Structure formats: structure tokens, C-alpha cells
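Each chain, letter by letter, is given below.
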Amino acid sequence: MSMIAAFYGGKSILITGATGFLGKVLMEKLFRTSPDLKVIYILMRPKAGQTLQQRVFQILNSKLFEKVKEVCPNVHEKIRAIYADLNHSDFAISKEDMQELLSCTNIVFHCAATVRFDDPLRRAVQLNVTATQQLLLMASQMPKLEAFIHISTAFSNCNLKHIDEVIYPCPVEPKKIIQSMEWLDDSIIDEITPKLIGDRPNTYTYTKALGEMVVQQESGNLNIAIIRPSIVGATWQEPFPGWVDNLNGPSGLIIAAGKGFLRAIKATPMAVADVIPVDTVVNLTLAVGWYTAVHRPKSTLVYHCTSGNFNPCNWGKMGIQVLATFEKIPFERAFRRPYADFTSNNFMTQYWNAVSHRAPAIIYDFYLRLTGRKPRMTKLMNRLLKTLSLLEYFINRSWEWSTYNTEMLMSELSPEDQRVFNFDVRQLNWLEYIENYVLGIKKYLLKEDMAGIPEAKQHLKRLRNIHYLFNTALLLIAWRLLIARSQMARNVWFFIVSFCYKLLSYFRASSTLKV
């Protein structure tokens, strides 16, 4: 019997960010392994004309929750959706709902955050820092609370090369940052943002670091732990391999390369691609929740959930494996041959990359205009290139994360818990994982019909031939223009033609003599 699964039985659990990628997988695992839990409270808002109940129904009706419905048929009765807005004080929760949350909650999993790298500092502070502060204030008023688990990021201290499982101080106190956001104009905030974030690459990593400081400073007597996952990717094993529902992490890059929009990226081939499967993060999160509540550590423990220390895979290797998968599992409706060079990091490659990305997009948009349709490819390509520029910092560097607490927790688990809540990434086969990742993107994210793979392969072959023909024609035109302008180029060209002719004549003479 799993001690962790038994622990969550009968518990009332509050999850923020439950409608996000990690939050959904966390809910699924809780219901599947502890179907006798009492209730899961999720904070959410109406969206796209849907009520809270309609949004919950949509989540439960997805492929992700198919196994849950078998072991917990009344799962819809165990989700309590509460209206909340993290942009407002007290999250705009009604008095009745707030009273229920305060009096009943046993465990809090704080997963909510903005993960956009280019969010304005005001918004990033509100969602990643102020909201954490307000949730801690709520938690301090929960008499039945046993553990508060805060999900941060392994990149909160990416300005360091080696990162320990400790909370690092920021130059400016979080309270001062929060207060300044209340009265400063947007223009002033934008002006001082680079000075505040310092050597961090964006507002996301900076505000996640501030959020950790808030947890440390305002935890009081709460049992708190912090989990720092790296780049969260598709599921590895549970509830089935390859499930993904968003464009974050490697997913957007895989789609762009698979569809043929992405030709090359500026990356350091030997830099570690520290991707971690989402179900691995969830398993560690639930194990940490159990350990924090049962063993009540004297201080706030930080757990790194990364793959680089245990089972590293660099960007060059990952790129090769992704491309090998494309050959077996091509994407439908590709713009041109799926190909991406994950090992490029020089000026000429960057120059050619910009040309090869934008030129076909401009041509395609011109074709759309001629056919009376709205041009969209150039806009899409500009968005893609912007995303690549935001990711550039992370795909050209490697970090070292200590994992003492994570390894300690693994040793504390029973053999059954190590099996049911497996977060040992050393068992991960990268080639198999990436193939399932690509398949998952096609099936669950793009909703492509897997029966169409043979036809897509033929389409891919045709596009490849067109690509080679286009490159050959381009090379010949460039060479012809060069010959017309340079005597040296003409001399080289005549020498090559003469040499090839003589070589051909030699082989013909040799074959005649043999006969």
C-alpha cells in the first residue's frame, strides 16, 4: 500500500493554477491514486463565455482524465470550483467561499503563475509575488492546514552557474517592489525594469525569485516546501506517454520545426537541455506534500526537479533525436521540409536563419493575397522569431543544480511509493521520450489524424525534392551572377569544367582499354 496515496485520502486540497498544464496533471494523479480524497478546491475565472462548471466539465472531458473516470466515477462531485481573480486583493473570493477554504483546507499546492518571459514587470509582480503573499496570508488562517507547497522554477537564480537548494536573496526586498508597483507609472516601471532584474534575462525569472523570498519571509509557523522544476515537457509515463496541451517549453519549437517554419536556431550544441517530464514534477510534488506534512521539517526545504544532474541530454542530441522522429512521424500540412539545425551559433548561420525564415513567409503571404485570402505567415514567423529570441538565453547555457533534498526524499520513500510516485529521471530513455513527445503533440495538441502518416510521408518527400531544387536553382543563379562580375570566378569555373571534362575522358579511355 502506498503511504503517499493513503495520506491524501480524505483530504481537502486547494490547487491554484489547476487549469494550467501542471495543475491538470496534478489533479489527475491525485484522483487516480487517492480516489477517496474529500475535495479539490480550484481557483478559476469564467473564460471565453464559459461558466466555472463548464470549464471544469471541459477539463474532465479531456483524454487526460479517461483513467480517472474508471477509478473515481464521481470525480466531478469532488471538484469545487471557486471564483477567484489573482489580480485583486483577497483574490475577489466571496465571503462564503473564503470561509469554506479557510476552515476546510488541509493541503495547498500553489502552482499559479505567469510563465510569459516578456510580461511587463507590474503584471509579473502581481501574479508571481503579490499573489503568493496573499495566499500565504490565507494559509496562515487555515487551522487544519498541514502543508503549503510552492511551485517555483529551477531558473529563478539563472544568473548563477551552480545553484544550491537554498533561497537566495534579491538586492531589493519584495515588499518594496510590491509597494512601488502600486504607485509608479507604467513608463517609469518599464524604465527601471532592466536595473531591477539585473543579470537575469527576464521578468519571469526575477519575480519567481522574489516569490521565493516572500515564502521565506512570510511563512510564519506554516509547513512549507519549494519545488523548482526546470523546463516542463510532455508526460513520460502517466497517465500515458506524450500528453501535452500547450506550446510552452520545447513544444512550440517542435511544432515550428515539424511544420517546416523553423529552419535553424542559435543554440550551443553541448548545452544541457534540462527538460523534465510533467508527471515527474507531479510525482515529486505529491511526495514533497506528504513528507512536509508528516515529517514537518524545521526549515523550508527546496527541491530541485531537474534532469541534467542525473540523466543529461544536450541540445545537439535532442535536436538530432527530434529530426530522426520527424522522418518517421512527419507533420501534416507542412509548409516546407521539416528541418531544424539545433547546433548553430555563428554570425553567418544567424544571417541565413533570418533570411530563410522570412523569405518563404513573405512569398507565401503574397500567394495568399493573390488568392484573395488574408496573409498570416509573416506575422506568424515574426512571433516565432520573437519566441526564439526569448529562449536564446536558456538554450545557450548550462547550469548545475544540487539535488541533496530530492535524493534524500527518494531514499525516504518505500519501494511501493518509489514505483507509484516515481521521480527518478535516471530511468528516462530520451529517444523513446522524444518520440512519444512528438506523437503526443500531433495527437493531443494539433489533433492530427495518425492514419494520415503514410500520406504525410509522401507529401514530405515531394516537399524535400522541391526544397533541393529551389536551393540548387538559387546556388546556380548566385554563381552565374558572381561569374558575370568577377574574372577570377570565371577562371575558377572554367578550370572546374575543364578538370571534370578531363576526368570524364580519362574514365572513358580506361573503360575502353579494359574492354
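Small disclaimer: the values here were computed from a predicted structure and weren't measured. (Residues numbered from 1 in each chain as written. Predicted model: local features only at pLDDT ≥ 70, side-chain atom pairs only at ≥ 80, totals over all residues. Heavy atoms only, no water.)

(A) How the structure looks around a nonpolar patch on the surface. A grouping of Met488, Val492, Phe495, Ile496, Phe499 and Leu503 is seen on the molecular surface, where their side chains present a nonpolar patch of about 610 Å² in accessible area. For Ile496, a relative accessible area of 38% corresponds to the partly exposed category. (Patch = residues over 30% accessible without salt bridge, like charges linked within 9 Å, V, L, I, M, F, W, Y side chains within 5 Å. Areas by Shrake-Rupley, 256 points an atom, 1.4 Å probe, with all protein chains shown as cover. Salt bridge = Lys/Arg side-chain N within 4 Å of Asp/Glu carboxyl O. Buried < 20%, exposed > 50% of the residue type's maximum accessible area, 1.4 Å probe, protein only.)

(B) Here's a closer look at the pairing of strand S1 (residues 12-16). For S1, a buried count of 5 out of 5 residues is recorded, marking the element as mostly surrounded by other parts of the structure. Note: S1 against strand S2 (residues 39-44), 4 bridges, orientation parallel. By the bridge assignment for S2, Ser12 is matched with Val39. With helix H2 (residues 21-33) bridging S1 and its parallel neighbour S2, the resulting β-α-β unit is right-handed. Pairing of S1 with strand S4 (residues 107-110), which is carried by 4 bridges, proceeds in the parallel orientation. Bridged to Ile15 within S4 is Phe109. (Helix = DSSP H or I, 4+ residues; strand = E, 2+ residues; numbered from the N terminus. Pairing = 2+ DSSP bridges. Right-handed = clockwise from strand over helix to strand, strands pointing away.)

(C) Structural view of helix H15 (residues 404-412). Those residues of H15 not exposed but buried are Asn405, Thr406, Leu409 and Met410. One side of H15 carries all its buried residues, which in axial view fall inside an arc of 140 degrees. Residues Tyr404 and Ser411 are exposed on H15 and point more than 90 degrees away from its buried face. The secondary structure elements touched by the buried residues of H15 are helix H11 (278-295), strand S11 (301-305) and helix H16 (415-420). (Arc of directions from axis to C-beta. Contact = heavy atoms within 4.5 Å.)

(D) Examining the pattern of salt bridges more closely. Evaluated as defined, the whole model comprises 16 salt bridges. A salt bridge links Arg123 to Asp119; the shortest N-O distance between them is 3.2 Å. Relative accessible area serves as the criterion here: at 39%, Arg123 is assigned to the partly exposed category. A salt bridge links Asp186 to Arg122; its shortest N-O distance comes to 2.7 Å.

(E) Seen up close, the sheet that holds strand S5 (residues 147-151). Taking strand neighbours across the sheet as the criterion, the 7 strands line up as S3-S2-S1-S4-S5-S7-S11 in an open arrangement whose pairing is parallel. Each edge of the open sheet carries a strand with a single partner, namely strand S3 (79-83) and S11. Between one strand and the next, the sheet's axes are offset by a mean angle of 20 degrees, whatever the strand orientation. (Axes fitted to C-alpha atoms, helices over the stretch in contact; angles between N-to-C directions.)

(F) Representation of the pairing of S4. Across the two faces of S4 the burial is the same, with Ile107 and Phe109 and Val108 and His110 all buried. As paired strands, S4 and S5 are joined by 4 bridges and run parallel to one another. Its bridge partner being in S5, His110 is matched across the sheet by His150. Regarding the hand of the β-α-β motif, the stretch spanning S4, helix H6 (residues 121-139) and S5 is right-handed.

(G) Looking closely at the nonpolar core. Membership of the largest hydrophobic core comes to 106 residues, with the highest contact counts inside it found for Ile15, Leu30, Phe109 and Leu409. Ranked by residues supplied to this core, first place goes to H11 with 10 residues. When neighbours within four sequence positions are excluded, Leu30 is seen to be in contact with Tyr8, Ile13, Ile15, Pro35, Leu37, Ile40, Phe109 and Leu286. Core analysis: the second largest hydrophobic core is formed by 45 residues, Leu14, Leu86, Tyr206 and Leu222 among them. (Core = buried A, V, L, I, M, F, W, Y, C linked by side-chain atoms within 4.5 Å.)

(H) Region of interest: the packing of helix H12 (residues 315-328) against helix H17 (residues 430-445). Where H12 contacts H17, the axes come no closer than 9 Å and their chain directions differ by 50 degrees. Taken together, the axes of H12 and H17 lie oblique to each other. Where H12 crosses over H17, the two elements pack in a sense that is right-handed. Between H12, through Met318, Gln321, Val322, Thr325, Phe326 and Lys328, and H17, the contact on the second element is made entirely by Trp430, Leu431, Ile434, Glu435 and Val438. For the contact of H12 with H17, the residue count by class is 7 nonpolar, 2 polar and 2 charged. (Parallel < 35°, antiparallel > 145°, perpendicular 65-115°, else oblique. Left-handed = near helix turned anticlockwise from the far one by under 90°. Nonpolar A, V, L, I, M, F, W, Y, C, P; charged D, E, K, R; others polar.)

(I) Fine view of the packing of aromatic side chains. Inspection of the entire model under this criterion finds 16 aromatic pairs. With centroids separated by 6.3 Å and ring planes inclined at 35 degrees, the aromatic side chains of Phe394 and Trp399 adopt a geometry described as tilted. Neither residue differs from the other here; Phe394 and Trp399 are each classed as buried. Pairwise contacts between aromatic rings join Phe117, Phe155, Tyr204, Tyr393, Phe394, Trp399 and Trp401 into one cluster. The ring of Phe7 has Lys11 lying over it, and the distance from NZ or CZ to the ring centre is 4.4 Å. (Phe/Tyr/Trp six-rings, centres within 6.5 Å; stacked < 30°, edge-to-face > 60°. Lys NZ or Arg CZ within 6 Å of the ring centre and 35° of its normal.)

(J) Quick look at unusual backbone geometry. That bond from Glu238 to Pro239 is cis: its omega, -10 degrees, falls within 30 degrees of zero. One non-glycine residue, Phe91, lies in positive phi territory at about 60 degrees. Tracing the backbone shows Phe91 in the loop between S3 and helix H5 (95-104). Here the phi dihedral of Arg296 falls at roughly 45 degrees; this positive angle occurs in a residue that is not glycine. Secondary-structure assignment places Arg296 in the loop between H11 and S11.

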